[in-house]
Amino acid sequence: MITKVGIDIDNTIWDLVSPWLEWYNILYLDDIKYEQISEYNFFDMTTKATKKEMFDILHTPEFWDYVKPFEDSYSALKKFNDEFELYIVTKTSYKTPSKKFDNFFTYFPFLSEKQLVNTSNKSLLNIDVLIDDYVKNLGNNTKYNFLINTPYNKKYSNYLKVKNLSEAYDIINFLNGHIKINNEEK
């Protein structure tokens, strides 16, 4: 039975990459499109800015006003929160302004800070499901891993890909309905 679910924030719950690219394109007079991103670390493609300059964008408090939840995130997170032991898992730098989390909890007021886990090693978590956009975060200790389908994840075929949190929620409920409990069908 699936009871504990971990969900990543950036590019899983809300769209981080689009505004990040937009800021880069404006600041550095470039024209990289979201669909062109072939690697998770897309800042390796940005020839006009260094990696540090790319991360400096994330360290600007005003930037976080441009980061918005994906369309289905509120309703899907509400369902996850109501029906599962939900954890919001992220790898957020200590340099990132508090505005990131201030905005996050404003968008999702039903979530608690106690549900937030900030770690660079998500496989340490004792959860049944992890939903993330970064393939290297998907852990061996997790029963089910869901990879958010993005342009930079097209090359990965060995993972269960979902287009959004609502689709992951539907699959998890299907699985829960078909998992045997004490050798009997639920």
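Just above, that's the structure.
Computed from a predicted model, the values in this text were never measured in an experiment.

Q: Is there a simple way to explain unusual backbone geometry in this structure?
A: With the exception of glycine, most residues fall at negative phi, and the peptide bonds are largely trans. A positive phi angle, near 65°, is found at Asn 11, a position not held by glycine. Locating Asn 11 in the fold gives a position in the loop between strand E1 (4-8) and strand E2 (14-15). The class for Asn 11 is buried, based on a relative accessible area of 3%. With a phi close to 50°, Leu 29 is a non-glycine residue in the positive phi region. On the secondary structure map, Leu 29 appears in the loop between helix H1 (17-28) and helix H2 (51-58). By relative accessible area, which is 69% here, Leu 29 ends up exposed.

Q: What's the story with the pairing of strand E6 (residues 129-132) in this structure? I'm lost.
A: Side-chain positions along a regular strand alternate between the two faces of the sheet. Side-chain alternation along E6 places Val 129 and Ile 131 on one buried face and Leu 130 and Asp 132 on a second face that is also buried. With three bridges joining them, E1 and E6 adopt parallel strand pairing. Counterpart to Ile 7 in the pairing with E6 is Ile 131. Two strands pair when backbone bridges link them, and E6 and strand E7 (residues 144-148) are joined in this way by four bridges, in the parallel orientation. Bridge pairing in E7 places Ile 131 opposite Phe 146.

Q: So what exactly am I meant to see when it comes to the pattern of salt bridges here?
A: Tallying each qualifying case throughout the model produces nine salt bridges. Put simply, Lys 155 and Glu 39 hold a salt bridge, and the shortest N to O gap is 2.5 Å. Taken together, the residues span a long stretch of sequence, with Lys 155 in the loop between E7 and strand E8 (160-162) and Glu 39 in the loop between H1 and H2 at a distance of 116 residues. Residue classification places Lys 155 among the partly exposed positions, given a relative accessible area of 45%. For Glu 39, a relative accessible area of 39% translates into the label partly exposed. The salt bridge partner of Lys 78 is Asp 82, with a shortest N-O separation of 3.2 Å. With Lys 78 and Asp 82 both in helix H3 (residues 73-83) and four residues apart, this pair spans about one turn of that helix. Through salt bridges that share partners, Asp 8, Lys 122 and Asp 132 make up one connected network.

Q: Is there a simple way to think about the packing of aromatic side chains in this case?
A: Note on aromatic pairs: each is described by the distance of the centres and the angle between the planes. One pass over the structure, following the stated rule, counts 23 aromatic pairs. Each ring, one from Phe 108 and one from Phe 110, has its centre 6.3 Å from the other, and the planes form 80°; the classification is edge-to-face. Look at Phe 110 and you get buried, because its relative accessible area is 19%. Three or more aromatic residues joined by ring pairs make a cluster, and in this case those are Trp 14, Trp 23, Phe 63, Trp 64, Tyr 66, Tyr 74, Phe 104, Phe 105, Tyr 107, Phe 108 and Phe 110.

So, how was this worked out
Residues numbered from 1 in each chain as written. Predicted model: local features only at pLDDT ≥ 70, side-chain atom pairs only at ≥ 80, totals over all residues. Heavy atoms only, no water. Helix = DSSP H or I, 4+ residues; strand = E, 2+ residues; numbered from the N terminus. Buried < 20%, exposed > 50% of the residue type's maximum accessible area, 1.4 Å probe, protein only. Pairing = 2+ DSSP bridges. Salt bridge = Lys/Arg side-chain N within 4 Å of Asp/Glu carboxyl O. Phe/Tyr/Trp six-rings, centres within 6.5 Å; stacked < 30°, edge-to-face > 60°.

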